Amino acid sequence: MCFPLSDMAAPMESATKGTRLSGSVTSFQKKSRSKLIQIPGTKPSVHTGQLIVSSGVPSLDCALGGGLAVGSLLLIEEDEFDSYSRALLQYFLAEGVMSGHELFVASAQDQPDDIIQNLPSPLQDEDPEFKNASSSSPDQQDAMKIAWRYQNLPKVQSVLSSSSRFGHYYDLSKHMEHDLLQHAKIHTFYLPEEQPPPTHLSGVLGPYSVLLDSIQSLIRQNGFDGSNPQVKTCNVLRLALPSLGSGLWGDDVCVSPSHNHALSAFLYALRGLLRSSLSVAMVTVPAHLIRNKLLRGRMIRLSDTAIALQSFSAAERNNPLYKDYHGLLHVIQVPRLNCLGCEVPDTKDLAFRLKRKQFTIERMYLPPDLSDSVSRVSKVQLAPVCTSDGTKHLDF
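Residues numbered from 1 in each chain as written. Predicted model: local features only at pLDDT ≥ 70, side-chain atom pairs only at ≥ 80, totals over all residues. Heavy atoms only, no water.

Under the annotation held in an unreviewed UniProt entry, the protein carries the name Elongator complex protein 4 and is attributed to Ameiurus melas. Recorded under Pathway (unreviewed entry), the UniProt text for the protein is reproduced unchanged: "tRNA modification; 5-methoxycarbonylmethyl-2-thiouridine-tRNA biosynthesis." Regarding the protein, the relevant UniProt record gives this comment under Sequence similarities (unreviewed entry): "Belongs to the ELP4 family." (UniProt positions renumbered as here; feature names shortened; annotations may be inferred.)

Visitor: Describe in detail the overall build of the protein, supporting the description with residues and values.
Guide: Secondary structure assignment for the protein yields twelve helices and 14 strands. For the protein, the exposed surface amounts to about 23,600 Å²; the carbon and sulfur share of it is 54%. (Helix = DSSP H or I, 4+ residues; strand = E, 2+ residues; numbered from the N terminus. Areas by Shrake-Rupley, 256 points an atom, 1.4 Å probe, with all protein chains shown as cover.)

Visitor: Break down the packing of aromatic side chains for me, with residues and values.
Guide: The final tally for this structure, using the stated rule, is five aromatic pairs. When the ring of Tyr208 is compared with that of Trp249, the centres are 6.0 Å apart and the planes differ by 35°; the resulting orientation is tilted. Here Trp249 lies in the loop between strand 9 (237-241) and helix 10 (261-275) and Tyr208 lies in the loop between helix 8 (198-201) and helix 9 (209-221), a separation of 41 residues in the sequence. For the pair formed by Tyr208 and Trp249, the shared burial category is buried. Site record: aromatic cluster; members linked through ring pairs are Tyr84, Phe352 and Phe359. Here Lys43 stacks its cationic end above the ring of Phe166, 4.5 Å away from the centre of that ring. A cation over a ring is seen here: Arg238 above Phe92, with NZ or CZ 4.9 Å from the ring centre. (Phe/Tyr/Trp six-rings, centres within 6.5 Å; stacked < 30°, edge-to-face > 60°. Buried < 20%, exposed > 50% of the residue type's maximum accessible area, 1.4 Å probe, protein only. Lys NZ or Arg CZ within 6 Å of the ring centre and 35° of its normal.)

Visitor: An account of the sheet that holds strand 2 (residues 51-53) is requested, with residue identities and associated values reported.
Guide: The strand order 1-2-3 describes an open sheet built from three strands, whose pairing is antiparallel. Sheet topology places strand 1 (42-44) and strand 3 (68-69) at the edges, where each strand pairs with a single neighbour. Direction of pairing for strand 2 relative to strand 3: antiparallel, over a ladder of two bridges. Within strand 3, the residue paired with Val53 across the bridge is Leu68. (Pairing = 2+ DSSP bridges.)

Visitor: Let's hear about the confidence of the model for the protein: which residues, and what values?
Guide: Overall, the prediction assigns the protein a mean pLDDT of 76, with 66% of residues at 70 or greater. Every residue in residues 1-22 is under pLDDT 50, and counting partners more than four places away or in other chains gives 15 contacts. Taken as a whole, residues 372-385 scores under 50 in pLDDT and shows six contacts with residues more than four places along the chain or in a different chain. (pLDDT = per-residue confidence, 0-100. Contact = heavy atoms within 4.5 Å.)

Visitor: Tell me what's going on with empty space enclosed by the protein, and back it up with residues and numbers.
Guide: Taken as a whole, this structure holds three cavities of 30 Å³ or more when the rule is applied. The calculated volume of the second largest cavity comes to roughly 50 Å³. Considering the residues around the second largest cavity, the lining is formed by Arg86, Leu89, Gln90, Leu93, Ile115 and Pro242. (1 Å grid on protein atoms, 1.4 Å probe; cavity = no way out; pocket = protein on both sides within 12 Å on 5 of 7 lines; lining within 4 Å. Points joined across faces, edges and corners; volume = space filled by probe spheres on them.)

Visitor: Mind laying out the packing of helix 10 against helix 11 (residues 293-301), listing which residues take part and the relevant values?
Guide: The relative placement of two packed helices is expressed as an angle between their axes plus a distance between the axes. Put simply, helix 10 and helix 11 touch, their axes get as near as 10 Å, and they point 5° apart. As judged from the angle between their axes, helix 10 and helix 11 are roughly parallel. On helix 11, the residues that touch Leu263, Ser264, Leu267 and Arg271 of helix 10 are Leu295, Arg298, Met299 and Arg301. (Axes fitted to C-alpha atoms, helices over the stretch in contact; angles between N-to-C directions. Parallel < 35°, antiparallel > 145°, perpendicular 65-115°, else oblique.)

Visitor: So, the sheet that holds strand 5 (residues 102-107): which residues are in play, and what are the values?
Guide: The strands making up a sheet associate through backbone hydrogen bonding, with each pair oriented either parallel or antiparallel. Across the sheet, which stays open at both edges, the nine strands sit in the order 8-5-9-10-4-11-12-13-14 with mixed pairing between neighbours. Of all strands in the sheet, those with a lone pairing partner are strand 8 (186-190) and strand 14 (359-363), marking the two edges. Averaged over all adjacent pairs, the angle separating strand axes in this sheet is 20°, with direction ignored. Across five bridges, strand 13 (residues 350-354) lies against strand 14 in antiparallel orientation. Paired with Ala351 across the two strands is Glu362, which belongs to strand 14.

Visitor: How would you summarise helix 11 if you had to cite specific residues and measurements?
Guide: When we look at burial in helix 11, the residues that qualify are Leu295, Gly297, Met299 and Ile300. In this fold, the buried residues of helix 11 make contact with strand 4 (73-77), helix 10, strand 10 (279-285), strand 11 (305-311) and strand 12 (327-333). Near the N-terminus of helix 11, the side chain that reaches the backbone nitrogen of Leu294, with its oxygen 3.2 Å away, is that of Asn292. (Polar contact = N/O pair within 3.5 Å; in protein donor to acceptor, adjacent residues only side chain to side chain.)

Visitor: Describe the pattern of salt bridges, listing the residues and the values that go with them.
Guide: Counted according to the given criterion, the structure contains six salt bridges. A salt bridge links Arg86 to Asp110; the nearest nitrogen and oxygen atoms lie 2.8 Å apart. Here the residue Arg86 occupies a position in helix 3 (residues 84-99), and Asp110 occupies one in the loop between strand 5 and helix 4 (112-117), the gap between them amounting to 24 residues. By relative accessible area, which is 27% here, Asp110 ends up partly exposed. Linking Arg271 and Asp304 is a salt bridge whose minimum nitrogen-to-oxygen distance equals 2.9 Å. Remark: Asp304 occurs in the loop between helix 11 and strand 11 and Arg271 occurs in helix 10; sequence separation between them is 33 residues. Classification of Arg271 as partly exposed rests on a relative accessible area of 23%. Judged by relative accessible area, Asp304 falls into the buried class, the value being 4%. Taken together, the salt bridges that share partners define one network made up of Arg271, Arg275 and Asp304. (Salt bridge = Lys/Arg side-chain N within 4 Å of Asp/Glu carboxyl O.)

Visitor: Explain the nonpolar core to me, and be specific about the residues and the numbers.
Guide: Counting 40 residues, the largest nonpolar core has Leu60, Leu88, Leu93, Leu119, Leu329 and Phe359 as the members making the most contacts within it. A per-element tally of this core places helix 3 first, with eight residues. Those residues within four positions of Leu88 in sequence are excluded, and the remaining contacts are Val57, Leu60, Ile76, Met282, Ile307, Leu309 and Phe359. Counting residues in hydrophobic clusters, the runner-up holds 39 residues, among them Phe189, Ile215, Leu237 and Ile300. (Core = buried A, V, L, I, M, F, W, Y, C linked by side-chain atoms within 4.5 Å.)

Put into structure tokens, the structure is as follows:
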């Protein structure tokens, strides 16, 4: 049965949303897939499809499965000297400035403006970590003493790196230029300048109630709330909260283990805000001062990603195993977002070093035995064997 072309044109026009039949244009169009939100400084994860941002340290991104997921909480257990965790916090904020993200810095000790002014300067050249790990001078290769059967084996790259570059690289010896900081949108919270009402201090959140109110109002008023339709252009909010749980915040969790509900309640409420907003948080906690193991485990479970920094003392640096590193990095928990499993690091023996210009995380290996003379014949002590006459010995 044949139908006239005029009868078929109308339904096909409505099915193809106004497209007409012609000799060069087909009446069928390919259905376009839903696109992710296009935000500078973000990309979808290849493992979970979650929108992720860089932490500012590419080797840390590689150890955590590619980066930090938007809407997640990264908990860092500080080292005893609080120097390396502070460096990670500066990298996190510097990456936000270079990516055009908004920043929120809350502190109880240092002025937030001083933290911003000490951010590292970005590097303009190629990847310095891969360059230092892959290139070695001929003099160094000739000076290496290694067994002949290991010479033809492929070299193992100690620095963690991915195939695709994500994020920026920074020079810790220089501060970020004032022009870059001037164009960034930064919100600050300094606890000594805040006057919390007495009713807030007696609540469940305790001294963190004012901080949570500031974060909540910032998310709702500046277009980061994902539960409500936003009119402004989508962007990511980076939250930096250093040394939560210390005595400067008015929290006695390090002194009295019985009063530890305030910090746990704050992490629980903060995680709920992050889940429904375009924001990511980095929180550092002086875990070495918290003697209650149950509280430490509770804080880890209330976060999405948790790492611990263990710095070396001067005596430990004299150990040949640790002479090239400044401390160990323990990946305690990795996120399980949009998947049943999680991205597990290929190795758990991770160490970090703070060079003059950069902070790197590497795989830790045992150093080779470089002694000049190696005895291949071991001396065997003669063990006396009891015999009938008591004078003979058996030598192997």
